[in-house]
Structure formats: structure tokens, C-alpha cells
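# Structural features, examined
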Amino acid sequence: MIEKLKLMFCAGLFWVASTISAADINGRFVVTNVDSSNLAVLIQVNTITGTNAIGGATIVFGFDTSAINMTSEPVKNTDYVFHNFSDNYYSPATITRPMKGRIWVNIDLPYNNSNNGTIVSDTSGWTDVVTIYFDITNANGLASLNWLSTSPFWGIYEDDNLTLLEPNLFQNLVYTYDITPPQLISATLLDSVNLEIEFSETLESASALNISNYTIDNGINIIGIQNSTAQNRLIINTTAHTSGHQYTLTVNTVSDLSGNMIAPNHNTA
């Protein structure tokens, strides 16, 4: 393993750190809400091991300004909300837009707090970083976001603030404004009390996780609902099913991220 020097920029400060390349890190964009004027995008990360914690980091990505835009001076809790890496041992994380069509996610774990960072999920799940709110400037355009991991300012360190996490699979996003209602595609019994259901697209979280929006016949009660590993799937926890019996699941008043409501002809499995 080769030790190397890397010049990093984080939260407005330059430093030179001795770095050792270690585990891979993955990232993705997830659209969590959209209406006619706003687009909310969640940044998530995971690692192969699930034992790596993030220290200082500058994550750089670009966006197509012909379809979406963001203020040049983003404001915390208005233009972005951090979910991890911005409290406890961390300094307040920020979002900056140093140039048109470019955004930096700035995370800082002070050196006196090294080795006290937040551990990132392995590839069986995702760890939320920050939700960023964009203005939609062209509803007929494509809202595209692309990671810029080759940028000289990019760097995600482990919480020792020395070991560089190597970017592996970072999924870009191209989002088209949606007018199609979601469809219930399938329901698969994972075991006697857990049912995984799949939709044609990702649902709006509040309606998707609302127990009252689901019914199962033949006396099966729903105890809880949670997200599955795929964005368009949910796991429903129920009272026990009887082996060999068939049951009908009906879904009502759930909507997709664009606010389109599920239609009665596509809501039963």
C-alpha cells in the first residue's frame, strides 16, 4: 500500500495530510420529494466493510443549471439539511456553491476528535448525509446531477483524518418530471410475518409508511412498515400468515415523489 500526500479543501481551509488509500466508498442521489417548483435530493453513502467512519470530507458534484438551480449562498435548514456528520464530534457541516453548477459538501471532524466519527453502513443499506433543495427552473427539462470524484478538491477521509476512502460506485442522477401514478407490482412473502411489496417507482415517504394506507384480508393485521433495500420496495410486518392460504393486499392513498396518487386499478396484489 502506497502512502501519499494530498492537498485537501474543507469548510474553507486548506491542509496537507499524509494519506493511505483504504476501503472503497459508494454514493448515490435519491429524489425524496418534488413538486412544480422544488426538487429535494438526498445524498447517501455506504462502504464495502460497514466498519469505516467518515472524518473530514469534501464531496463535489455538478448539476445541470438548465433544469434546476440553487442559491449561490445556501442556508442551513432552508437550502439543505444534514442528517449525519454535522453534530456530536463534528464541526457544523455546510453546503457551498463555489461556482455555477457546482456544489461542495463540506464535512469537518476536528483532529482532536479523530477516531470518533460516524460509522457508515455497508452495502446492505445506506447512510444519509444531507438533503439538498433545488429550485426547478424548467419542469420539462432533465434534472441531472453528476459526481465529480476526479476533482482536485474531492476527498473523503476515514475518521483518523489520514486514510483516504477511495470512490468506487457513485451513481449519477437524471430525473424527469413525473406525471405517471405509481403501480403496485408484486407482493412477496419473505417469511410468516414479513411481506415485501414492490412498486413501479419510489413513493413519498409519509404516505408509503402510513399503516392505515394498507389492508390485508382474512384477518391479517399490519403491525409496521419499513423501507427495504431498494428505493421502490417496502417491507410490511404483519401477524402470522397461514401456510397455503392466499391473501389480498390493497393499497390506498399512497403517492409517488411527484404527488401522483396510486390508481385503484393498480393498487391490489
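Residues numbered from 1 in each chain as written. Predicted model: local features only at pLDDT ≥ 70, side-chain atom pairs only at ≥ 80, totals over all residues. Heavy atoms only, no water.

### Here's the deal with the sheet that holds strand 18 (residues 222–227)
Paired through backbone hydrogen bonds, the strands of a sheet run either parallel or antiparallel to each other. Ordered in space as 15-16-19-18, the four strands form an open sheet in which the pairing is antiparallel. With partners counted over all chains shown, the strands left at the sheet margins are strand 15 (184–189) and strand 18, one partner each. Across this sheet, the average inter-strand angle for adjacent strands is 25°, counted without regard to direction. The pairing of strand 15 with strand 16 (residues 194–199) spans five bridges and is antiparallel. (Pairing = 2+ DSSP bridges. Helix = DSSP H or I, 4+ residues; strand = E, 2+ residues; numbered from the N terminus. Axes fitted to C-alpha atoms, helices over the stretch in contact; angles between N-to-C directions.)

### Points about unusual backbone geometry
One non-glycine residue, F85, adopts positive backbone phi at about 70°. By the element assignment, F85 lies in the loop between strand 6 (80–82) and strand 7 (91–99).

### Structural notes on the confidence of the model for the chain
Of all residues in the chain, 91% have pLDDT values of 70 or greater, and the mean over the chain is 88. Counted against residues more than four places away or in other chains, residues 1–18, with its pLDDT under 50, gives 51 contacts. (pLDDT = per-residue confidence, 0-100. Contact = heavy atoms within 4.5 Å.)

### As for the side chain of N106
For N106, the position within the fold is in strand 8 (residues 102–108). Residue N106 is classed as buried on the basis of its relative accessible area of 2%. Within polar-contact distance, the side chain of N106 engages the side chain of T96 at 3.0 Å. (Buried < 20%, exposed > 50% of the residue type's maximum accessible area, 1.4 Å probe, protein only. Polar contact = N/O pair within 3.5 Å; in protein donor to acceptor, adjacent residues only side chain to side chain.)

### A word on the pairing of strand 19 (residues 233–238)
Bridge count between strand 16 and strand 19: five bridges; the pairing is antiparallel. Its bridge partner being in strand 19, I197 is matched across the sheet by L234. Examined bridge by bridge, strand 18 and strand 19 share five bridges and lie antiparallel to one another. Bridge assignment links G224 to a residue of strand 19, and that residue is N237. Linking strand 18 back to strand 19 in an antiparallel pair, the connection comprises five residues.

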